[in-house]
Amino acid sequence: MFNTLAKTVETTVTEVATSEVVTEAAKIGFSTDNVQEALLCSVAGMVGIFIVVGIIILSVSVLNKIGAKKK
Amino acid sequence: MAILSDLGTKILSIFEAIAGMNFLSETLPMLVMLAIGGVLIYLAIAKDMEPTLLLPMGFGTIMVNLPLANIVGAISQNEGAEGAIEVLYKAGVANELFPLLLFIGIGAMIDFGPVLSNPKLMIFGAAAQFGIFFTLSVASLIFPINEAASIAIIGAADGPTSIFVAGELNSQYIGAIIVAAYSYMALVPIVQPPVIKLLTTKKERMIRMKYEGKAISKRTRILFPIIVTIIAGIVSPQSAVLIGFLMFGNLIRECGVLDSLSETAQKVLANLITILLGITVARNMHASQFLKWETALILGLGLVAFIFDTAGGVLFAKFLNIFLPEGKKFNPMIGAAGISAFPMSSRVVHKLGLEADNQNFLLMHATGVNVSGQVASVIAGGMILSFFGN
């Protein structure tokens, strides 16, 4: 699931990177050209972390329940 | 006599070389870097700020900036020759081996018990990574995107993750990034309280949370590192190596049959790698690399990352409280402990809890969130690599 998300971001990054506009943005200096991809990555990153952590929480809860039943 | 004459000529040539240095472009930067090295050593010894890393780094900074010594090689005067630090850098930092080995030691040190007894707390570890992504967006206004990502990872509040990610992304600012990461980790007791107080009322800080210390089965403790590695590896493959080494260390600790290995990982391995890592990282503390206006910007952005990590955790707890009945609400301060800096952050939250109400003991909850932050920050590092890595 996350791989699809990462691929979407990667595609956007590649598209933006190949444009002439971002060739200029590769230099250090104030520019808003990278913000769009940064925001997209930020949203995808936070969603990704919550997904991974959510699955871990579920797994630990299941483990704890199994342990409690055995007792 | 001839030997004395040779020696005299050599000493003279050294003085001539030093005298021939341009004051503004060579001597002054060198002196500034020697002073910075001295300040790092002072902070480590006198202020007890992350001494295990800042002291070797400070000393290394002095070594690599000695004008005529061939410590680094590649950026010293004997072009082509590799100095000892360059050799160590290539052996352990350029290929990210040292941070990974350090993760085994860290994994062996962490007791995940508090989070295993209340897994819901892990969600705050995720929320407190907000600073990383906020900083990514801000830094992208100034830096190329891969550099912005390397700088943003300072918000992971985790030295090895910062070194690993910045190294993978070939950041030219790795020296400044590491200094910022470790400095702010040491400054957590100064950075976090004002942000927490700004975002919470005294009433919120007084919220008490019951702690039910459930017994965690050995099976759960053993399966936890294995399951986390599998989940992180499948959902975010780029974080597999980071999380894998961390969890391997934890498995050694929890399995119960490798006590001597666990002890070695916690003490000998972690100490050895820390010594080498600190002095090796100083390779990037040469005046030509460090004395740039970007360094000040990176230090500023690192602070932004820590502030917004804290804010992310606190505000997320406040958001959850909207839906929770009285008596079940979280003390929003525990969200701030989701920043990975362990154990400083949990201690800060505990202290603020006691400040608001001298019977409000938040340490166990905050510790649970804090160790969750360790896992979440590694996952965040993996996310950053998924987007910007090769």
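Quick caveat: nothing in here was measured; it's all calculated off a predicted structure.

Each value, and the rule that gives it
- Here, residues in each chain are numbered from 1, in the same order as that chain's written sequence.
- Chains and ligands are labelled sequentially in the order written, the chains with letters from A and the ligands with numbers from 1.
- Since the coordinates come from a predicted model, pLDDT governs what is reported: local features require at least 70, and pairs of side-chain atoms require 80 or more to be given and counted, while whole-chain, interface and lining totals use all residues.
- Helix and strand labels come from DSSP, where a helix needs a run of H or I of at least four residues and a strand needs a run of E of at least two; each type is numbered from the N terminus.
- Around each residue's C-beta, the other C-beta atoms within 10 Å are counted; 20 or more make the residue buried, 12 or fewer make it exposed, and counts in between make it partly exposed. All C-beta atoms are placed from the backbone.
- Radius of gyration: C-alpha atoms only; globule rule: 2.2 Å multiplied by the number of residues to the exponent 0.38.
- We call two residues in contact whenever the C-beta atoms placed from their backbones are within 7 Å.
- Note on residue categories: nonpolar means Ala, Val, Leu, Ile, Met, Phe, Trp, Tyr, Cys or Pro, charged means Asp, Glu, Lys or Arg, and polar means any other residue, Gly included.
- Per-residue confidence from the prediction method is given by pLDDT, with values spanning 0 to 100.
- To estimate how far a helix should reach, multiply one less than its number of residues by 1.5 Å.
- Think of it this way: the bend at a residue is just the angle between two axes, each fitted to seven residues, one set ending at that residue and the other starting at it.

Enquirer: Would you take a moment to explain the overall build of chain A for this structure?
Expert: Secondary structure assignment for chain A yields 3 helices and 0 strands. Going from N to C terminus, chain A has its helices and strands arranged as α-α-α. In chain A, buried positions account for 30% of the 71 residues.

Enquirer: Whenever I open this one, the overall build of chain B confuses me. Can you help?
Expert: Check the secondary structure of chain B and you find 21 helices and 0 strands. For a compact globule of 390 residues, the expected C-alpha radius of gyration is about 21 Å, and chain B comes in at 23 Å, within 12% of that figure. Reported as C-alpha extents along the three principal axes, the dimensions of chain B are approximately 90 × 45 × 40 Å. Taking all 390 residues of chain B together, 56% fall into the buried category. A sequence separation of at least 24 residues applies to 73% of the contacts in chain B between residues at least 6 apart.

Enquirer: Explanation requested: the interface of chain B and chain A in the structure shown.
Expert: For interface size, the figure often reported is the accessible area lost on association. Contacts between the two partners involve 38 residues from chain B and, on the opposite side, 37 residues from chain A. Contributions of two or more residues to the side of chain B that touches chain A are made by α7 (122-127), α8 (130-139), α9 (145-152), α14 (218-235) and α21 (363-388) of chain B. Take the side of chain B that touches chain A: its biggest share by element is 9 residues, from α14 of chain B. Per-class residue counts for the side of chain B that touches chain A are 27 nonpolar, 8 polar and 3 charged.

Enquirer: Is there a simple way to think about the confidence of the model for chain A in this case?
Expert: Do not read the predicted coordinates in detail wherever pLDDT is low. Looking at chain A as a whole, the pLDDT averages 72, with 58% of positions reaching at least 70. Considering each helix and strand of chain A separately, the mean pLDDT is smallest for helix α2 (residues 20-25) of chain A, with a value of 40, and largest for helix α3 (residues 35-70) of chain A, with 88.

Enquirer: Is there a simple way to explain the environment of Gly312 of chain B in this structure?
Expert: Residue position: Gly312 of chain B is located in helix α18 (residues 293-323). For the pair Gly312 of chain B and Ile36 of chain B, spaced 276 residues apart in sequence, the C-alpha to C-alpha distance is 32 Å.

Enquirer: Explanation requested: helix α16 (residues 259-281) of chain B in the structure shown.
Expert: Residues spaced three or four apart along an α-helix point in a common direction, a consequence of the helix completing one turn every 3.6 residues. Residue and element names in this part refer to chain B. Between its first and last C-alpha atoms α16 spans 31 Å; for 23 residues at 1.5 Å apiece the expected length is 33 Å, and the two agree. Ala265 marks the point of greatest bend in α16, at about 40°. Taken together, the buried positions of α16 are occupied by Ser262, Ala265, Gln266, Ala270, Ile273, Leu277, Gly278, Ile279, Thr280 and Val281. In the core, the buried residues of α16 are packed alongside α3 (51-64), α4 (84-93), α5 (97-109), α10 (159-168), α11 (174-186) and α15 (240-254).

Enquirer: Before we go on, may I ask you to explain the environment of Leu301 of chain B in this structure?
Expert: All names here are of chain B. Topologically, Leu301 is positioned in helix α18. Overall, Leu301 belongs to the buried group, with 25 C-beta atoms counted inside 10 Å. It is 33 Å that separates the C-alpha atoms of Leu301 and Lys267, two residues lying 34 residues apart in sequence.

Enquirer: Sorry if this is basic, but what is going on with α10 of chain B here?
Expert: For α10 of chain B, the buried fraction is high: 10 of the 10 residues fall into the buried class. Following α10 of chain B by one or two positions, Asn170 of chain B has its phi on the positive side, about 50°.

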